[in-house]
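# What the coordinates show
Each chain is listed here by its residues.
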Amino acid sequence: MAVPTTTLNDGNEIPVLAFGTGSKFKGKDVTDVVEQALEAGFSHIDSAAIYANEQYVGAAIHESGLARQDIWITTKYDGGDPLDAVHTSLRKLGVRYLDLYLIHSPFLIGNGDIESLWDNMIKIRGAGLTRSIGVSNFTIGWLQRIVKTGKVVPAVNQIHLHPYNYASWKDVLEFCAKHDIVTEAYGCLAPITTYPDGPLDPVLAAIAHRIGGSPAQVIFKWAHAKGFVVVTTTARRTHLDDYLRVIHLRVSLPRSPFISVSADVVTPDRFFFVADLTPEEVATIDKAGAQGPPVPAQSTILSCPKQLHAYLRIALGIFVILFAIVLCRRLVSLALSCMH
Ligand SMILES: NC(=O)c1ccc[n+]([C@@H]2O[C@H](COP(=O)([O-])OP(=O)(O)OC[C@H]3O[C@@H](n4cnc5c(N)ncnc54)[C@H](OP(=O)(O)O)[C@@H]3O)[C@@H](O)[C@H]2O)c1
């Protein structure tokens, strides 16, 4: 079945679940994993020039035999001349156009001149080399500068977003909602992969139990409830199926007014993707996430004598230097007053 879509501010329909080829796959031959993802039912592939594997993504797309219009391809600008960069990506991917071209990071903007780079992104879209344009890892200041130009508003901002850092993105998320910029969330599973044993664990477990799913599925459902497009990845078929079941689970729920087996859903707004978590469950996840991830035991000073000793030595060193300076000044002024 097709992954449902949400509408971007330029009218294009983006599948709400993407298979990523970065993180653990950077520089790797991803032909098999991308083929596996497409075969399992993913239709949205998230790539980037910096991942140094666009040629393998292209090979997998070609091998899949899927029609170009049935796959959503995102890739990202990694610096240099924008037109050269997009042509290189197109050649490696073996396609004539992209669905979404993103500026990968504000750090890749030459001389910090986002206005010029954004003009080039608009030209790239105008030339038909991509259907949509957007940004990634953009904070509020950068987004404001683009919007201030009064030209095309980015369709997407792809950011590292999960329940533990959700509150810290508040200004960006509000700005994006105001300007109809869809947020794509990568690293959503950090509460499981990077920060286990935190305040979210019991909450995710309880909700997973209620819906008969896994904590990973609960996080994806939370993200969809917020209206985010989820960008995830895996090398494992079992996890792929797990991810896709988020969509299947929702589709199979007859009590939702927004469900359509064909996924051609008519909705009042993009937030129809309210998963079947209750608003109370979403709020509970927000609350537990706002407590922040667990502090690793080894990073607390008192629990690590070696670290404590190092800090004490530094403090003692600073104290000795300050004491010596004060003493020298006193001796000098004493000597001067004796001379007079
Ligand atoms: N724009 C950017 O700057 C940027 C930065 C980073 C990433 N991205 C994009 O986002 C994609 C996904 O990033 P991400 O890897 O951070 O996504 P993620 O969805 O947070 O994590 C995916 C990882 O979670 C693991 N996982 C899944 N279920 C698990 C479970 N139950 N227990 C333990 N581990 C589990 C998977 O491992 P297995 O393989 O073992 O299943 C996989 O490696 C990247 O590939 C890339 O396309 C973009």
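First things first, this report covers the structure right here in the doc. Here the structure is a predicted model, which means the values were calculated and not measured.

## Here we look at the nonpolar core
Residues Val34, Tyr101, Ala185 and Val230 are the most contacted members of the largest nonpolar core, which totals 80 residues. Per-element tally for this core: the top contributor is helix H9 (residues 215-225), with 6 residues. Those residues in contact with Val230, other than ones at most four positions away along the chain, are Val16, Leu17, Ala18, Ala185, Cys188, Phe220, Ala223 and His224.

## A few points about helix H8 (residues 200-211)
In this model, H8 (12 residues) spans 16 Å end to end at C-alpha, consistent with the 16 Å of a helix rising 1.5 Å per residue. Those residues of H8 not exposed but buried are Leu200, Val203, Leu204 and Ile207. Buried residues in H8, looked at end-on, bunch into an arc of 95°, giving them a common side. Pointing more than 90 degrees away from the buried face of H8 are the exposed residues Pro202 and His209. Buried residues in H8 make contact with helix H7 (190-193), H9 and helix H11 (279-290).

## Describing the site of the ligand
What surrounds the ligand is a group of 25 residues, the closest being Gly20, Gly22, Tyr186, Thr232 and Thr234. For the shell around the ligand, the secondary structure elements donating two or more residues are H7 and strand S10 (229-232). At 3 residues, H7 tops the list of elements feeding residues into the shell around the ligand. Looking at side-chain class alone, the shell around the ligand contains 8 nonpolar, 14 polar and 3 charged residues.

About the criteria used
Residues numbered from 1 in each chain as written. Predicted model: local features only at pLDDT ≥ 70, side-chain atom pairs only at ≥ 80, totals over all residues. Core = buried A, V, L, I, M, F, W, Y, C linked by C-beta atoms within 7 Å. Buried ≥ 20, exposed ≤ 12 C-beta atoms within 10 Å, placed from the backbone. Helix = DSSP H or I, 4+ residues; strand = E, 2+ residues; numbered from the N terminus. Contact = placed C-beta atoms within 7 Å. Expected span 1.5 Å × (residues − 1). Arc of directions from axis to C-beta. Near = placed C-beta within 6 Å. Nonpolar A, V, L, I, M, F, W, Y, C, P; charged D, E, K, R; others polar.

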